[in-house]
Amino acid sequence: MVIFLTSSPTGPLDGSRKVNGLDKKNYFVENLRKYWKEKSRCCIIAANPHHYHMNDEMCNFFRDIFLKEHFSIQCFDLIDRRYCDFTKEKLHNYDVIILGGGHVPTQNQFFKDIHLREKIADFNGIIIGISAGSMNSANLVYCQPEENGEAIDPSFQRWITGLNLTKTNIIPHYQMVKDKYLDGMRLYEDITYQDSINHQLIVLVDGSYILIDNKETIYGESYLLSNEHIQLICHDNETKVI
């Protein structure tokens, strides 16, 4: 199993850097090619299983993006609520599994509904996490509050069980949300810093990612947030083994 935990594989979501297709920054495409097989069977698992139109668009978008970059594809299937009755054996027939981006708790519940933690265990292929998909790859997932009301809701669970593909917790899109306010509080200084007590969180900007293959290696600009302190641990075009 080879895992790419990305913040955004198609460039910054805030448009701060123009990317046409897959983001080649920090050797992402180059590294992915090392593991990609000819005529790969691919599937993408949606974050919101009921957003059918959006999921269809997402599946078509990523299939076209990979084809544009000349990745060999035999099929590119979608898993959402319409197409979720599959066995572990069927899932393991794929060469590439993509975990889509979206709302972390919503995706996490869908993963639980389809028993993905059990089915994806020992998968012998490539897994690509995108944003929420990367966050939900952890054994114990950190759910950074995202939607209005979540930061002040005492029932909102910030730590939930994930796929157990890694022990590393990541937070994506740092360059886009680091100055954001939520429920009248600063997302990082007033909310996430508190949640980092006794935890280590790897904070990624769009264009940076973690590659897991025997070891876990950070590629590109990233930060370590722990015990209410954040520090830069890796620069662009650099790597750091976790």
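So, how was this worked out
- Residues numbered from 1 in each chain as written.
- Predicted model: local features only at pLDDT ≥ 70, side-chain atom pairs only at ≥ 80, totals over all residues.
- Heavy atoms only, no water.
- Helix = DSSP H or I, 4+ residues; strand = E, 2+ residues; numbered from the N terminus.
- Contact = heavy atoms within 4.5 Å.
- Buried < 20%, exposed > 50% of the residue type's maximum accessible area, 1.4 Å probe, protein only.
- Right-handed = clockwise from strand over helix to strand, strands pointing away.
- Pairing = 2+ DSSP bridges.
- Axes fitted to C-alpha atoms, helices over the stretch in contact; angles between N-to-C directions.
- 1 Å grid on protein atoms, 1.4 Å probe; cavity = no way out; pocket = protein on both sides within 12 Å on 5 of 7 lines; lining within 4 Å.
- Points joined across faces, edges and corners; volume = space filled by probe spheres on them.
- Nonpolar A, V, L, I, M, F, W, Y, C, P; charged D, E, K, R; others polar.

Draft legend 1. Structural view of the side chain of N31. By the element assignment, N31 lies in helix α1 (residues 28-35). Once residues lying within four places of it in the same chain are set aside, the contact partners of N31 are F4, N26, Y209, L211 and Y219.

Draft legend 2. Region of the structure containing the pairing of strand β2 (residues 40-45). Within β2, 5 of the 6 residues are buried, which leaves the element mostly enclosed by the surrounding structure. Each parallel crossover has a hand, and for β2 linked through helix α2 (residues 52-68) to strand β3 (residues 73-79) it is right-handed. Direction of pairing for β2 relative to strand β4 (residues 96-99): parallel, over a ladder of 4 bridges. Bridged to I44 within β4 is I98.

Draft legend 3. Looking closely at the sheet that holds strand β8 (residues 169-171). In spatial order, the strands read β8-β11-β14-β15; together these 4 strands make up an open sheet with mixed pairing. In this open sheet, the two strands that pair with only one neighbour each are β8 and β15 (229-234). Each strand axis lies, on average, 30° off the axis of its neighbour in the sheet, ignoring direction. Two elements, β8 and strand β11 (residues 200-204), share 3 bridges in a ladder whose sense is parallel. Paired with I170 across the bridge in β11 is I202. Packing of helix α8 (residues 187-195) onto the sheet brings it into contact with β8, β11, β14 (222-226) and β15, and relative to β14 it is tilted by some 60°.

Draft legend 4. Here's a closer look at the sheet that holds β3. Within the open sheet, the 8 strands sit side by side as β3-β2-β4-β5-β1-β12-β13-β16. Their pairing is mixed. One side of each edge strand has no neighbouring strand; the edge strands of this open sheet are β3 and β16 (239-241). On average, adjacent strands in this sheet sit at an angle of 15° to one another, irrespective of strand direction. As paired elements, strand β1 (residues 2-6) and strand β12 (residues 209-213) share 4 bridges and run antiparallel to each other. The residue of β12 that forms the bridge with L5 is I210. Against the sheet, α1 makes contact with β1, β5 (126-130), β12 and β13 (215-219), and its axis sits at roughly 160° relative to β1, the strand it touches most. Taken strand by strand, helix α4 (residues 104-113) contacts β2, β3 and β4, and its axis lies near 120° from that of β2.

Draft legend 5. Representation of the layout of surface pockets in the model. Of the voids in this model, the largest pocket is the one considered here, and its volume is about 630 Å³. L13, G101, G102, S131 and H173 are, among the 32 residues lining the largest pocket, the residues nearest its centre. Those elements giving two or more residues to the lining of the largest pocket turn out to be α2, α6 (132-135) and α7 (174-177). In terms of residue count, the dominant contributor to the lining of the largest pocket is α2 (5 residues). When its residues are assigned to classes, the lining of the largest pocket shows 17 nonpolar, 12 polar and 3 charged. Put simply, the second largest pocket is a space of about 160 Å³.

Interpretation in functional terms is not warranted from these geometric data alone.
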